[in-house]
Amino acid sequence: MGVQFWWFYDVAVVAAILVCVFITVKKGLLKAALSFVGYMLALFLSLSISASMMNSINETVCNSNKKKIRQILEDYDYTEELAGYIQTLGYNVYVNRKTLGDIIHQEGDIDGKIYKYLNNINAEKVDTESAFKEKLHEGYALIASNIISRELSLYSAETAARMIKEDPETFYEFMIKMDDPDDRRPPADFLVDTYLSEPYRSQIRLVSILAVMIFILVLTFFVTYARGSKDHTEISFIGGFFSGLIGIFKGVVIVFAIAVIVRLNVVLGSNKMLFFNHEAIDNTYVFKYVYEFVRNL
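Since the model is a prediction, treat every value here as computed from it, not as a measurement.

**Remarks on the packing of aromatic side chains**
Each pair of aromatic rings is reported with the distance of its centres and the angle of its planes.
Part 1 of the argument: The full count for this structure, using the stated rule, is 15 aromatic pairs.
Part 2 of the argument: With a centroid separation of 6.1 Å and 75° between ring planes, the pair formed by Phe8 and Tyr9 is classed as edge-to-face.
Part 3 of the argument: With a relative accessible area of 3%, Tyr9 lands in the buried category.
Part 4 of the argument: Note on Tyr140 and Phe171: the rings are 5.5 Å apart at their centroids and 35° apart in plane angle, and the pair reads as tilted. Residue Tyr140 is found in helix α6 (residues 129–149), and its partner Phe171 is found in helix α8 (residues 171–177); the two are separated by 31 residues along the sequence.
Part 5 of the argument: An aromatic cluster is built from Tyr78, Tyr140, Phe171, Phe174, Phe190 and Tyr195, whose rings are joined through pairwise contacts.

**Quick word on the packing of α6 against helix α7 (residues 154–166)**
Part 1 of the argument: The N-to-C vectors of α6 and α7 enclose an angle of 155°; their axes lie 8 Å apart at closest approach. Classified by the angle between their axes, α6 and α7 sit roughly antiparallel to one another. Seen along the crossing, α6 lies across α7 with a hand that is right-handed. Within the contact between the two elements, α6 uses His137, Glu138, Tyr140, Ala141, Ala144, Ser145, Ile148 and Ser149 and α7 uses Leu154, Ser156, Ala157, Ala160, Ala161, Ile164 and Lys165.
Part 2 of the argument: A per-class count over the contact of α6 with α7 returns nine nonpolar, four polar and two charged.

**Thoughts on the nonpolar core**
Part 1 of the argument: In this structure, Tyr78, Leu82, Ile114 and Tyr140 are the most contacted members of the largest nonpolar core, which totals 48 residues.
Part 2 of the argument: When residues of this core are traced back to their parent elements, those giving at least two are α2 (29–73), α3 (78–86), α4 (97–104), α5 (110–121), α6, α7, α8 and α9 (185–228).
Part 3 of the argument: The element best represented in this core is α6, accounting for eight residues.
Part 4 of the argument: Residues contacting Leu82, with those up to four places away along its chain left out, are Leu100, Ile104, Ile114, Leu136, Tyr140, Ile143 and Met175.
Part 5 of the argument: Core analysis: the next-biggest nonpolar cluster, separate from the first, contains 31 residues, Tyr9, Leu47, Ile281 and Val294 among them.

What counts, and at which threshold
- Residues numbered from 1 in each chain as written.
- Predicted model: local features only at pLDDT ≥ 70, side-chain atom pairs only at ≥ 80, totals over all residues.
- Heavy atoms only, no water.
- Phe/Tyr/Trp six-rings, centres within 6.5 Å; stacked < 30°, edge-to-face > 60°.
- Buried < 20%, exposed > 50% of the residue type's maximum accessible area, 1.4 Å probe, protein only.
- Helix = DSSP H or I, 4+ residues; strand = E, 2+ residues; numbered from the N terminus.
- Axes fitted to C-alpha atoms, helices over the stretch in contact; angles between N-to-C directions.
- Parallel < 35°, antiparallel > 145°, perpendicular 65-115°, else oblique.
- Left-handed = near helix turned anticlockwise from the far one by under 90°.
- Contact = heavy atoms within 4.5 Å.
- Nonpolar A, V, L, I, M, F, W, Y, C, P; charged D, E, K, R; others polar.
- Core = buried A, V, L, I, M, F, W, Y, C linked by side-chain atoms within 4.5 Å.

Printed below as a string of structure tokens:
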């Protein structure tokens, strides 16, 4: 949805750079030089400071997420959810909850044991083993996603689902930890530490980058206005040329900030939102490179 609006991002890039060039040239070389220092500091300090801020804040956010997931799991019957999912696969079987619970709370090849159990219910093969396991892994991902999306962002739920599909055996540990109904701390901690670290570290860093950039750019505006207010020198060709180059750099910094905002909207919500989706961004000619840089942070 919103893929047809891919051009909006590239238009925003061109507009940001042209506006910055126009304003910078018009203000004169002195203000351009002062603003260049400020924009340079805003870019590099936001990238460096945000990394340390991310590490210091991340533990607090993780503890909060663990508490939310633990509350969801308090009255959560994972065996019932998995059994219900298996019964929707069209195998015409009734899954005994106790038997399934005994299987998923054991170590070893849980997928293989479930497959063997289902084949024995009606004494016939329900599916090929590979096809069954693929559907079962979809179920693991769906169940985990539903748990996480109750309190946390859709992007976090989608990230966890993707990670489970890529390596479903990691999810065994969650199922085993759900064996104790009186202590939901271990499975909640496992979900957050294993699948939610990436999206929330990304959120923290993006917010930190924006906060530092806004602070320095606002400070730059006031310093530039105060120190350059008496600059009434006529704009020369050389001065205009260098001011234009500085304006281009400022435009690139603004585009970087826009990419951070777009990425933050994705990780706080979902990749399926109008405008803020990867497919639309991938169709752009210029913006996708800036966005990819931000995404890799």
